[in-house]
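Take a look at the letters that make up each chain.
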Amino acid sequence: MDTRATSAAPELDLHQLFFKLRNRWPYFLASLALAGSLALLYLQIKAPTYDFRSTLLLGNQSTGSKQAQELLNLLEVKEKGIKIKDEIGLISSAAMVRQALQRLPEFQVSYYVAPDSWINKVAELKVREEPASDVPFRVVPEPGLPQLQGVAVHIEPLADGNFRLRAEAKKAMLANLATGESLREVFDVNIDETVPAGQPLRHPMLNLTIQPVARISPKPGASYSFQLRDLSSLTGDYQGRLLVRTIDQESRIIELDLKGPVPVKERQFLDTLMSVFIAADVRDKNQTGQRSLDFLNGEIAQMNQERQQAAVALSSFRQAHGVVDVGAQSNSSITQLSNLELERSRMLSQRRSYQTLLQHLRTSHDVTALSSMGVNDQVLNSLILQLSDLTSQKAALGVNASELNPMVAVLNQRIRSVKAALEENLTSVIRSTDITLADLNTQLARVKGDMNRMPEEERQLALLKAKADYNDKNYSFLVEKRGEAAIALATNATDKKIVDRASLVGGGPEAPKPMMVGLIAVLAGLLIPTGLVLGLDKANRRIQSKQDLSEVTSIPLLGVIAHGSRKDKQTMLDTPKGPIAESFRSVRVNLQYLSAGLDKKVLGVTSSVPGEGKTFCAVNLAVELAYSGRRVILVETDLRRPTVANYFDLDKSAPGLVSFLTGEEPLERCIQPVREGQLDVLACGTIPANPTQLLESTRMAQLMERLRDEYDYVMVDTPPVGLVSEYFVLLRFLDANIYVVRHNYTERELVGQINELYVNQKIKHVYLVINDMHFDKTYEYRYKRKAYAYYGA
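Computed from a predicted model, the values in this text were never measured in an experiment.

1. Describing the packing of helix H3 (residues 25–45) against helix H14 (residues 514–539)
Here is step 1: At their nearest, the axes of H3 and H14 sit 8 Å apart, and the two run at 150° to each other. One finds that H3 runs roughly antiparallel with respect to H14. With respect to the hand of their crossing, H3 and H14 are arranged in right-handed fashion.
Here is step 2: Its residues placed into classes, the contact of H3 with H14 shows 18 nonpolar, four polar and no charged.

2. A closer look at helix H8 (residues 231–241)
Residues spaced three or four apart along an α-helix point in a common direction, a consequence of the helix completing one turn every 3.6 residues.
Here is step 1: Buried within H8 are the following residues: Leu 231, Leu 234, Thr 235 and Tyr 238. Viewed along the axis of H8, the buried residues span an arc of 100°, placing them on a single side of the element.

3. Focus: the confidence of the model for the chain
Here is step 1: Here the chain averages 82 in pLDDT, and 85% of its residues register 70 or above.
Here is step 2: Every residue in residues 1–9 scores below 50 in pLDDT, and together they form one contact with partners more than four places removed in sequence or on other chains.
Here is step 3: Scored below 50 in pLDDT, residues 74–82 shows 16 contacts in the model against residues more than four places distant or in partner chains.

4. Focus on unusual backbone geometry
Here is step 1: At the junction of Ala 511 and Pro 512, the peptide bond is cis and its omega measures out at -5° in the coordinates.
Here is step 2: One can find Pro 512 in the loop between strand S14 (497–504) and H14.
Here is step 3: For Asn 744, which is not glycine, the phi torsion reads 60° and is therefore positive.
Here is step 4: Inspection of the secondary structure puts Asn 744 in the loop between strand S21 (736–742) and helix H25 (748–759).
Here is step 5: Overall, Asn 744 belongs to the partly exposed group, its relative accessible area being 33%.
Here is step 6: Look at Gln 761: it is not a glycine, yet its phi comes out positive at around 65°.
Here is step 7: Summarising the element assignment, Gln 761 is placed in the loop between H25 and strand S22 (766–773).

5. With respect to the pattern of salt bridges
Here is step 1: All chains considered together, the criterion is met by 29 salt bridges.
Here is step 2: In this structure, Arg 542 and Glu 747 form a salt bridge, with 3.8 Å as the shortest nitrogen-oxygen distance. Here Glu 747 lies in the loop between S21 and H25 and Arg 542 lies in the loop between H14 and helix H15 (546–552), a separation of 205 residues in the sequence.
Here is step 3: For Glu 747, a relative accessible area of 29% gives the class partly exposed.

6. Things to note about the packing of aromatic side chains
Here is step 1: Counting across every chain of the model gives seven aromatic pairs.
Here is step 2: Measuring from ring centre to ring centre gives 5.9 Å for Phe 137 and Tyr 224, while their planes differ by 85°; the resulting arrangement is edge-to-face. Here Tyr 224 lies in strand S11 (residues 223–228) and Phe 137 lies in strand S4 (residues 137–141), a separation of 87 residues in the sequence.
Here is step 3: You can call Phe 137 buried: its relative accessible area is 0%.
Here is step 4: Here a set of aromatic residues connected by ring pairs shows up, and it is made of Tyr 111, Phe 137, Phe 163 and Tyr 224.
Here is step 5: Lying over the aromatic face of Tyr 238, Arg 241 brings its terminal NZ or CZ to 4.5 Å of the ring centre.

7. Re the side chain of Asn 162
Here is step 1: Mapped onto the secondary structure, Asn 162 falls in the loop between strand S6 (153–157) and strand S7 (163–176).
Here is step 2: Among the polar contacts made by the side chain of Asn 162, one reaches the side chain of Asp 160 at a distance of 3.1 Å.
Here is step 3: Asn 162 has contacts with Glu 156, Pro 157, Thr 194, Val 195, Pro 196 and Ala 197, leaving out every residue within four places of it along the chain.

8. Here we look at the nonpolar core
Here is step 1: Ranked by size, the top nonpolar core spans 45 residues in total, and within it Leu 682, Met 700, Leu 707 and Val 714 carry the most contacts.
Here is step 2: If we ignore the near neighbours within four places in the chain, the residues touching Met 700 are Thr 637, Leu 657, Leu 661, Leu 694, Leu 695, Leu 730 and Phe 733.
Here is step 3: Membership of the second largest hydrophobic core comes to 33 residues, among which are Leu 591, Ala 618, Val 623 and Ala 736.

The rules behind the values
- Residues numbered from 1 in each chain as written.
- Predicted model: local features only at pLDDT ≥ 70, side-chain atom pairs only at ≥ 80, totals over all residues.
- Heavy atoms only, no water.
- Axes fitted to C-alpha atoms, helices over the stretch in contact; angles between N-to-C directions.
- Helix = DSSP H or I, 4+ residues; strand = E, 2+ residues; numbered from the N terminus.
- Parallel < 35°, antiparallel > 145°, perpendicular 65-115°, else oblique.
- Left-handed = near helix turned anticlockwise from the far one by under 90°.
- Nonpolar A, V, L, I, M, F, W, Y, C, P; charged D, E, K, R; others polar.
- Buried < 20%, exposed > 50% of the residue type's maximum accessible area, 1.4 Å probe, protein only.
- Arc of directions from axis to C-beta.
- pLDDT = per-residue confidence, 0-100.
- Contact = heavy atoms within 4.5 Å.
- Salt bridge = Lys/Arg side-chain N within 4 Å of Asp/Glu carboxyl O.
- Phe/Tyr/Trp six-rings, centres within 6.5 Å; stacked < 30°, edge-to-face > 60°.
- Lys NZ or Arg CZ within 6 Å of the ring centre and 35° of its normal.
- Polar contact = N/O pair within 3.5 Å; in protein donor to acceptor, adjacent residues only side chain to side chain.
- Core = buried A, V, L, I, M, F, W, Y, C linked by side-chain atoms within 4.5 Å.

In structure tokens, the structure reads:
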């Protein structure tokens, strides 16, 4: 069973992590400096944003009787919650924002100033929008004429009192500022005009007048510009920045929040928006009351005409027949007939109202007029109010939603349900009214039959008087209702109220916040290099430590060679002190007593590729063995790129190994002593054309046998194992093999190749040495720097 598969993931070593990060401190220093510079630049460039807030109270709009409220609950109409959402939708709708901006025509011009600062000397990056009261001129657009909107127009006051206007754009739009109507696109805009102060400018793209403000002087070194904004773009801008919400789930107080760069404009817009919203509510209520009053005036005029006609008829009958009063017998019948006629007239009037309401409901989609038709039935009134509210909700949603919106579909279904219920109730009420009228007609027929038996004059007089009394009572009733409607209209008031006018939140700019920007800069300055260091460390496929070697090979490690300067490497052969000398001393001890043993006399030093320091290790290891009192010879078998002579300042043209193998010189002339009685060197000499054949020759085998007998150790500098085949030719002569791995240079895959040869028993007695180890940059060997410094002193 593989215990590695079931073992827990290694814990994070914070000490090792901090060690890696500390060694890359220049990254952090540069990153913090860059982040701090960018933060300062951002604070200079970013225009301050101010947050303004106001509050508005919405009245309680629950309507109808207890039965009506029960009906609303039965239909699952959450009137209060939906009403608040409707009000929020209405006040934040494009139509309402547009109405508010129509009251603020000065918003059509936005003024900007670029102050005289070091940033703007490089490029005009620091630009601030200013209120109209702080700039030394006023731009007055000509209404109804095409204007270039959304393009910065630079304006420069001239010494002669004129103004120079400049504008450039690849593409722009001409629009009617007051209506927001886009007229046409223009391309390659290039305007450079000089206009006298107070005189209109007539240009195909600009039609305006510039009026200087004497009390305000231009800021020294500042440049000014302005932009013309049409109503549609202004509406989209302010609607996008406007946030409306309730202060609490059950509260009917809403907060209006607006963020912008110009405090005066943000405050003015919020206050205007609330005033427009309240005025619209009052206007809607007045329109409803006026419709009711107009209806009553029409009915009164008609009833007054009928009343006058009845009075004339009664007076004429009395004059013609000399009748002043009727007998006591006819008084009871006349009174009863008058009451029945009045009741029948009222029922007929109600039936006409119900019939008109039913016909209007079936043929018209406008439900606003239903509430003004004089219906007295509470259930019908409740249904009419509910239908009106549902229609208002649909209209509010229709500002930003289509018919496919799920909420619109639900509202359509509820409207159809309420209309069906209203139509059913109206039909039932009309049937009930018809039954009552039939009963009244029966009673009237009976009374009239009784009166027919009276004398004809008395009967006619009774009929005329009853009609006159009926008209008088109806007229008085309608006049009373008209007075009530007129009083209601005159005293009409909204249930909405401004609680708090727009005020600045926090007492200063909402953004940018220097402390927050600084904190973000510090975090970015630390996190970015941290991620970079960890990413580079994770992506690094080079050998960094003993742990990296243990992950790719099981070859034992002899030791590590400290990193040193070029001067250290040059003086090491003569001065056996310092970190490098101590490193080779440790490798030599491990090689002699712990790993290879004293019986291993022929030692080969190789690596995977050039540049890993195999020759450097072979030279210094041979010197260290010589210092230990052994007789050592260094044989250079890397015949393609020989470098041993450079380490000992030997003559490269002198006879060497190649001269001996070709038979040109005897061995004694080829060996060069560098340390009398201790260390000899058999360098390459001249570079041959056939190195492989020379190393395969019998003279090479005889040479190795002779050297084995004459020296305590034979150190062989072999060619790289990863590039050429000569190493495998020499492998038969070697008792032990030292494979050099250079710190942060040798790829893991190269070590894997030598490990494969080791595992397959193609190479035996192999030992690893890590060369050029930076102890101060490696967590695993961080302690050795001080140790080597101590022992090398």
